[in-house]
Amino acid sequence: MEKLRIAIYDRDAEYSRRLMNYLNDRYGKHMDVAVFTKKDSLLEESREHGFECIVTDDASYMEDTDVIRICEEETEDGFYRYSSARLLAERILERQKPDLSYGTGEGKMIAVYSPAGGIGKTAYALKKAEELDGIYFGMEDFCSLETKDYWMEQLLFLVREREENICEQMQQHLQWLDGVRVLPSARCFLDYRYMKKADYEWLFEKFREEKKQSVIFDIGVGSLTDFQILDLFDQVLLLTSEEGRRWQKMQVFLQLIHQMSPGIRSKITFIPEGNLG
């Protein structure tokens, strides 16, 4: 995947360097960011090799390039100097790579699950989505990602209604979080209680028609209404712990799986708690 060429030019050179380091560190898979301390050098490089986007507090003579202006006050069309660099990264990616929600290659449906709470499941699911350049699909008991758009609740309704363009609509609501495309969970696990195995089967078929990018499902205990739903996934990453009560919960879960749907065991990859980092 070709990286975006991004330039930063600001009167505060130290601010520019900190911004560059953050973007390259967190979003280096998608963009290559360089700092310029002299405007003439930036304009010359832009003429010769071009940039997809320039982030600057001085946009004069840059009419032919997409510019995000650094502002001292909060505005709709600028980037507020004292806001989170993550917001800048998300704006760049949304403007320059709106179709990145579906990438290239054969996609897989991957479940991240654990009957033991407090084990770091969501952090692991996000990490796995980043590794695979995939989509994080939230199914937490309660949404832990910071968001103002709980579109997952609408998606679950559209699935039950068999909305044919559901992938297109989902693409419009995917959000960026530290370099990962995410669809945050519904606010509460109760929204998933209406979902049946046949609903997930239909949704997975729509995802697989895209044949482009893996989807990583972060599944909470309360959001899984039927253990046999796990059989629909290509892979189930089961997070385990040797801590007393967590270990006991795992044994009960595995016993139930063996009784209800023994075929799922072949899809399970055990991820010990010590290997989550």
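Undergrad: How should I be thinking about the overall build of the protein chain in this particular structure?
TA: Of regular secondary structure, the protein chain possesses eight helices and 12 strands. For the protein chain, the residues scored as buried account for 49% of the 277 residues in total. For the protein chain, the proportion of contacts with a sequence separation of at least 24, taken over those separated by at least 6, is 74%. Carbon and sulfur atoms form 45% of the exposed surface of the protein chain, whose accessible area is close to 14,100 Å². For the protein chain, the distance from the average position of its 37 positive side-chain charges to the average position of its 51 negative side-chain charges is 5 Å.

Undergrad: Which parts of the structure should I look at to understand the packing of helix α5 (residues 152-160) against helix α7 (residues 197-210)?
TA: In a packed pair of helices, the relevant descriptors are the angle between the two axes and the axis-to-axis distance. One can describe the packing of α5 onto α7 by two numbers: an axis separation of 9 Å at closest approach and a directional angle of 95°. When the axes of α5 and α7 are compared, the pair comes out roughly perpendicular. Each of L155, V159 and R160 in α5 lies in contact with α7, whose residues at this interface are D199, W202 and L203. Counted by class, the contact of α5 with α7 contains four nonpolar, no polar and two charged residues.

Undergrad: I keep staring at the nonpolar core and nothing clicks. Help me out?
TA: Core analysis: the largest hydrophobic core is formed by 42 residues, its most contacted members being F137, L155, F217, L230 and F233. Sorting the residues of this core by element identifies β6 (109-113), β7 (135-139), α5, α6 (166-173), α7, β10 (215-219), β11 (235-240) and α8 (244-260) as the ones contributing at least two each. With sequence-adjacent residues up to four places away left out, L230 is seen in contact with A111, I219, L224, V236, F253, I257 and I264. Counting residues in hydrophobic clusters, the runner-up holds 21 residues, among them Y15, L23, A89 and W176.

The rules behind the values
Residues numbered from 1 in each chain as written. Predicted model: local features only at pLDDT ≥ 70, side-chain atom pairs only at ≥ 80, totals over all residues. Heavy atoms only, no water. Helix = DSSP H or I, 4+ residues; strand = E, 2+ residues; numbered from the N terminus. Buried < 20%, exposed > 50% of the residue type's maximum accessible area, 1.4 Å probe, protein only. Contact = heavy atoms within 4.5 Å. Areas by Shrake-Rupley, 256 points an atom, 1.4 Å probe, with all protein chains shown as cover. Lys, Arg positive; Asp, Glu negative; His and termini not counted. Charge placed at Lys NZ, Arg CZ, Asp CG, Glu CD. Axes fitted to C-alpha atoms, helices over the stretch in contact; angles between N-to-C directions. Parallel < 35°, antiparallel > 145°, perpendicular 65-115°, else oblique. Nonpolar A, V, L, I, M, F, W, Y, C, P; charged D, E, K, R; others polar. Core = buried A, V, L, I, M, F, W, Y, C linked by side-chain atoms within 4.5 Å.

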